[in-house]
Amino acid sequence: TRVNLAVFDIDGTLTRPYPGEDVSFLEGLELAFGFRDVDPNWASYPHVTDTGIVSHLCESRWGRLPTTAEMTRFREHYSSAFLARVGPNEGDEILGAAAFIHSLRQSSAWCVAVATGNCRLMATLKLTRGRVPCLDVPMGTADDAISRADLIRVAIARARQAYAVAEFGHVVSIGDAPWDLRTARELKLPFVAVGNRCGDISVGARMVWDYQDARSV
């Protein structure tokens, strides 16, 4: 029997959302690029990832992509603003997430990877704060790709290498947002939605409220 791979998003999937994150992202954009009047409706951007949003803004306003130095400066400002705003009880795990991840990692039938639209620095901060044991699993982040589909491909490729698996039996995507569902459909992956933010998930997907509920899937 071939081993399977579960690819998890972070925000709203493994950890609870941070109310001050959008403001921190906007502050990072202003400090790093001088951008103001930025539309915070992230779903309206072509790629809902840190680098995707920044790249879109730079191209639309400056006619070019951000430089490596500019992206580094943005990550620093974004993470600093985030840490300054985060409350003591914000970013806790979604109920049962840490125990569920631990059980999957102990299983001979499943491997675990992470694919997040955040940069690696922010992903590390959130997983650490949420005490979710995923810091050492194969990961695809916005540092690796602009599109969510590509960063999931990166996570899968790294998982194959890390777990020495030529081909997984099944690869399942777990997320919470409409763009997570769209990406899973683009890649033709089965999808598990955490919470009801995705709306009508229809064919090829399941919905759970938390990871106690997830044990029934």
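Higher on the page you've got the structure.
Computed from a prediction, not measured in an experiment: that's the story for all the values here.

Even after reading the chapter, I still don't get the environment of Ala-157, so can you show me in this structure?
Take Ala-157: it is sitting in helix H6 (residues 148-162). Here the alpha-carbon distance between Ala-157 and Gly-140, two residues 17 residues apart in the chain, equals 9.2 Å.

I'm lost on the packing of helix H1 (residues 21-33) against helix H3 (residues 68-85) in this one. Help?
Any two packed helices are characterised by the angle at which their axes cross and by the distance between the axes. Relative to each other, H1 and H3 sit at 140 degrees, their axes nearing to 8 Å. Relative to H3, the element H1 lies oblique. Pair H1 / H3 crosses with right-handed handedness. Residues Glu-21, Val-23, Ser-24, Phe-25, Glu-27, Gly-28, Leu-29, Leu-31, Ala-32 and Phe-33 of H1 pack against Glu-70, Arg-73, Phe-74, His-77, Tyr-78, Ala-81, Phe-82 and Arg-85 of H3. Looking at the contact of H1 with H3 residue by residue, the class counts come to 10 nonpolar, 3 polar and 5 charged.

Is there a simple way to explain the nonpolar core in this structure?
Counting residues in each nonpolar core, the largest one holds 24 residues, and the members touching the most others are Leu-5, Val-7, Ile-152, Phe-168, Val-171 and Phe-191. Among the secondary structure elements, those contributing two or more residues to this core are strand S1 (4-8), strand S2 (110-115), H6, helix H7 (178-186) and strand S5 (191-194). Among the elements that line this core, the one with the most residues is H6, at 6 residues. Those residues in contact with Val-7, other than ones at most four positions away along the chain, are Ala-113, Val-114, Ala-115, Ala-155, Ile-156, Val-171, Val-172, Ser-173 and Ile-174.

Looking at this model, I keep getting lost on the pattern of salt bridges. Mind explaining?
Where charged atoms of side chains with opposite charge meet at close range, the side chains can pair. Taken as a whole, this structure holds 12 salt bridges when the rule is applied. The salt bridge partner of Arg-64 is Glu-70, with a shortest N-O separation of 2.8 Å. Judged by relative accessible area, which is 33%, Arg-64 ranks as partly exposed. Overall, Glu-70 belongs to the buried group, its relative accessible area being 11%. Among the charged side chains, a salt-bridge network with shared partners connects Asp-9, Arg-148 and Asp-180.

Explain H3 here, please?
Along an α-helix, a turn takes 3.6 residues, which lines up residues three or four apart on a common side. Here H3 is 18 residues long and its end C-alpha atoms lie 26 Å apart, about the 26 Å a rise of 1.5 Å per residue gives. If you check which residues of H3 are buried, you get Glu-70, Met-71, Phe-74, Arg-75, Tyr-78, Ser-79, Ala-81 and Phe-82. Down the axis of H3, the smallest arc covering the buried residues is 165 degrees, so these residues share one side.

How do you make sense of the pairing of S2 when you look at a structure like this?
Both faces of the sheet carry side chains from a regular strand, because those side chains alternate between them. The element S2 is extensively covered by neighbouring structure, given that 5 of its 6 residues are classed as buried. The pairing of S1 with S2 spans 5 bridges and is parallel. Each residue of the ladder has a partner; that of Val-7, found in S2, is Ala-113. Examined bridge by bridge, S2 and strand S3 (residues 139-140) share 2 bridges and lie parallel to one another. When the bridges of S3 are listed, Ala-115 appears paired with Gly-140. For the segment spanning S2, helix H5 (residues 120-130) and S3, crossover handedness is right-handed.

Sorry if this is basic, but what is going on with unusual backbone geometry here?
Its identity is not glycine, yet Ala-164 carries a phi of approximately 55 degrees, on the positive side. Residue placement: Ala-164 occurs in the loop between H6 and strand S4 (171-175). For Lys-188, which is not glycine, the phi torsion reads 60 degrees and is therefore positive. In this structure, Lys-188 sits in the loop between H7 and S5.

Conventions used here
- Residues numbered from 1 in each chain as written.
- Predicted model: local features only at pLDDT ≥ 70, side-chain atom pairs only at ≥ 80, totals over all residues.
- Heavy atoms only, no water.
- Helix = DSSP H or I, 4+ residues; strand = E, 2+ residues; numbered from the N terminus.
- Axes fitted to C-alpha atoms, helices over the stretch in contact; angles between N-to-C directions.
- Parallel < 35°, antiparallel > 145°, perpendicular 65-115°, else oblique.
- Left-handed = near helix turned anticlockwise from the far one by under 90°.
- Contact = heavy atoms within 4.5 Å.
- Nonpolar A, V, L, I, M, F, W, Y, C, P; charged D, E, K, R; others polar.
- Core = buried A, V, L, I, M, F, W, Y, C linked by side-chain atoms within 4.5 Å.
- Buried < 20%, exposed > 50% of the residue type's maximum accessible area, 1.4 Å probe, protein only.
- Salt bridge = Lys/Arg side-chain N within 4 Å of Asp/Glu carboxyl O.
- Expected span 1.5 Å × (residues − 1).
- Arc of directions from axis to C-beta.
- Pairing = 2+ DSSP bridges.
- Right-handed = clockwise from strand over helix to strand, strands pointing away.

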